[in-house]
Amino acid sequence: MSESSAEAVVAATANAAGAAGTAGWRRAGIAGAAIGVLAAGAAAGVAVERLTVGRGMRKKARLALDATGPYGSLRGTPGRAVADDGTELYYEVDEVEAAPTTADESASSGTRRRRLFGRKAPAPVTVVFSHGYCLGQDSWHFQRAALRGLVRAVYWDQRSHGRSGRGRSQADGVPVGIDQLGRDLKAVIDAAAPEGPVVLAGHSMGGMTMMALADQYPALIRDRVAAVALIGTSGGKLAEVDFGLPVAGVNAVRRVLPGVLRALGSQAELVEKGRRATADLFAGLIKRYSFGSKDVDPAVARFAERLIEATPIDVVAEFYPAFTEHDKSGALPGFRDVPVLILAGDKDLVTPSSHSEAIADALPDAELVIVPDAGHLVMLEHPETVTDRLADLLVRSGTVPAANVGGHGSTAQQPGH
């Protein structure tokens, strides 16, 4: 795609959002167009004709999901951690189901329960799931449904995402960085899993958050982490990603992006209006940059849209610069002494599979899985594969005794509660 056609995308979207004819709406349309792409974890530059593809699919997906609403409905015991800058971080805990015992069993056996006074039962292994940019803890829906009751798990919302509080440092003008997210993860672990082994699982920004944790708290990794899963993520060099676009298109986007971000900072409310006005245009972009296969479950596609749309525009703008600065390749050796799963989609345009291969080069004993026909949101697009490999990791690390994960990690079934 040529540089001029990339600019035409922005102009076309501005016209769509600017039906009212005001300069403010045109600015909102331009910013809304670019940020809608960023919210999908990509950059602008998709050809105009691609923006209109899949509108029927989007309508079908919206109706299918909004009528039934099964995804993102799983809830656990709520809790809140406090970050080092005072930001409240929301998390939920799914506990392990206790083995059933009845009074009849005790009476029939003629025995009494034995108690070990003065001896504390060992803390269970806790799997901590960290989500990606512009998503939330519900992005792990299928894995949560499959693992529910089998393992103690913590799902949390990154600062300014989901139910977590808006970053207090950012409200004071401090740029958010991946190091801050690593400290946030430490606060969540301290609050939700203060003792016992921990398994870390992260997607995209969540994986980067784990790397920042390892970089700043190597003793925690050494002493408590039992296994690691890095899904669709990167150790650095994200500024070199071309998002599947020709060089000219990428250059065009990078030229307009700084101005777009400045507009976002000062006109968030107006940009939100432009974003809503051009929502139909974003459906094709979100699908392109979230999924790799053409036959994605329409309800899942709509679920992804809803997760991304729920992230405020100013939060999207606030976080984006952190990715070009992200470089935690030096922290990866901290994971060498534990079982590691590295998984990516072969059609991921946001964090290409080559980035996962680079992580595997730093962790030669890790399991590397490249999933065919999968994009950036691989855990939603191919949940069975992701859940299967996670289950195997949990077995290898001794977290669960056998691969007895249920079938709820599949889009073919209604998720359980």
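Structural notes, computed from the coordinates. All of these numbers come straight from a predicted model, not from anything done at the bench.

1. What about the nonpolar core?
Turning to step 1, where the next piece is worked out: Of all hydrophobic cores here, the largest spans 43 residues; its most connected members are Phe 129, Phe 291, Leu 343 and Leu 380.
Turning to step 2, where the next piece is worked out: It is helix H14 (residues 298–309) that contributes the most residues to this core, 7 residues altogether.
Turning to step 3, where the next piece is worked out: With residues up to four places along the chain from it excluded, the contact list for Phe 291 reads Ile 286, Val 296, Val 300, Ala 301, Ala 304, Gly 375, Leu 377, Leu 380 and Glu 381.
Turning to step 4, where the next piece is worked out: Core analysis: the next-biggest nonpolar cluster, separate from the first, contains 36 residues, Ala 193, Leu 213, Val 338 and Ala 366 among them.

2. Looking at the packing of aromatic side chains
Turning to step 1, where the next piece is worked out: In this structure the tally under the stated criterion is 5 aromatic pairs.
Turning to step 2, where the next piece is worked out: Ring geometry for Tyr 71 and Phe 303: centres 5.9 Å apart, planes at 40°, overall tilted. With Tyr 71 in the loop between helix H4 (55–68) and strand E1 (77–82) and Phe 303 in helix H14, the pair connects residues that are 232 residues apart, well separated along the chain.
Turning to step 3, where the next piece is worked out: A ring pair is formed by Phe 129 and Tyr 155, whose centres lie 4.8 Å apart and whose planes are at 10°; its orientation type is stacked. Linking Phe 129 in strand E3 (residues 126–130) with Tyr 155 in strand E4 (residues 152–156), this pair joins segments that are 26 residues apart in sequence. By the burial criterion, Phe 129 is buried, and Tyr 155 matches it.
Turning to step 4, where the next piece is worked out: The aromatic ring of Tyr 217 is capped on one face by Lys 186, whose charged end is 5.2 Å from the ring centroid.
Turning to step 5, where the next piece is worked out: One cation-aromatic arrangement involves Arg 288 over Tyr 289; the distance from NZ or CZ to the ring centre is 5.3 Å.

3. Topic: the pairing of strand E5 (residues 198–203)
Turning to step 1, where the next piece is worked out: Of all 6 residues making up E5, 6 are buried, and the element is well covered by its neighbours.
Turning to step 2, where the next piece is worked out: Burial of the side chains of E5 extends over both faces: Val 198, Leu 200 and Gly 202 are buried on one face and Val 199, Ala 201 and His 203 on the other.
Turning to step 3, where the next piece is worked out: In the sheet, E3 pairs with E5 via 5 bridges, with the strands oriented parallel. Pairing of Phe 129 across the sheet is with Ala 201, part of E5.
Turning to step 4, where the next piece is worked out: Inspection of the sheet shows E5 paired to strand E6 (residues 225–231) by 6 bridges, in the parallel sense. Along E6, the bridge assignment pairs Ala 201 with Ala 229.

4. Quick look at the pattern of salt bridges
Turning to step 1, where the next piece is worked out: Tallied over the full model, the rule gives 24 salt bridges.
Turning to step 2, where the next piece is worked out: Taking the shortest distance from any N to any O, the salt bridge between Glu 305 and Arg 302 comes out at 3.4 Å. With a gap of 3 residues between them, Glu 305 and Arg 302 both fall in helix H14, about one helical turn apart. Judged on exposure class, the residue Glu 305 and its partner Arg 302 are both buried.
Turning to step 3, where the next piece is worked out: With a shortest N-O distance of 2.8 Å, Arg 389 and Glu 367 are connected by a salt bridge. With a gap of 22 residues between them, Arg 389 in helix H18 (residues 383–396) and Glu 367 in strand E8 (residues 367–371) connect regions that are remote in the sequence.
Turning to step 4, where the next piece is worked out: Through salt bridges that share partners, Arg 75, Glu 92, Asp 94, Asp 138, Arg 144 and Arg 148 make up one connected network.

5. Section: the sheet that holds strand E2 (residues 88–94)
Turning to step 1, where the next piece is worked out: What the 8 strands build is an open sheet, ordered E1-E2-E4-E3-E5-E6-E7-E8; its pairing is mixed. This sheet does not close on itself; its edge strands, each paired only once, are E1 and E8. Adjacent strand axes in the sheet meet at a mean angle of 20°, parallel and antiparallel pairs treated alike.
Turning to step 2, where the next piece is worked out: Packed on one face of the sheet, helix H9 (residues 205–216) meets E3, E4, E5 and E6 and runs near 135° to E5.

6. Topic: the pairing of E8
Turning to step 1, where the next piece is worked out: For strand E7 (residues 340–345) and E8, the ladder comprises 5 bridges, and the chain directions are parallel. Paired with Ile 342 across the bridge in E8 is Leu 368.
Turning to step 2, where the next piece is worked out: Tracing the backbone out of E7, into helix H16 (residues 353–362) and back to the parallel element E8 gives a crossover that is right-handed.

7. Observations concerning the side chain of Asp 94
Turning to step 1, where the next piece is worked out: Within the secondary structure, Asp 94 is located in strand E2.
Turning to step 2, where the next piece is worked out: Side chain to side chain, Asp 94 and Arg 144 meet in a polar contact 3.0 Å long.
Turning to step 3, where the next piece is worked out: Ignoring anything within four residues of it in the chain, the contact list for Asp 94 reads Arg 75, Gly 76, Arg 144, Arg 148, Val 151, Arg 152, Ala 153 and Tyr 155.

How each quantity is defined
- Residues numbered from 1 in each chain as written.
- Predicted model: local features only at pLDDT ≥ 70, side-chain atom pairs only at ≥ 80, totals over all residues.
- Heavy atoms only, no water.
- Core = buried A, V, L, I, M, F, W, Y, C linked by side-chain atoms within 4.5 Å.
- Buried < 20%, exposed > 50% of the residue type's maximum accessible area, 1.4 Å probe, protein only.
- Helix = DSSP H or I, 4+ residues; strand = E, 2+ residues; numbered from the N terminus.
- Contact = heavy atoms within 4.5 Å.
- Phe/Tyr/Trp six-rings, centres within 6.5 Å; stacked < 30°, edge-to-face > 60°.
- Lys NZ or Arg CZ within 6 Å of the ring centre and 35° of its normal.
- Pairing = 2+ DSSP bridges.
- Salt bridge = Lys/Arg side-chain N within 4 Å of Asp/Glu carboxyl O.
- Axes fitted to C-alpha atoms, helices over the stretch in contact; angles between N-to-C directions.
- Right-handed = clockwise from strand over helix to strand, strands pointing away.
- Polar contact = N/O pair within 3.5 Å; in protein donor to acceptor, adjacent residues only side chain to side chain.

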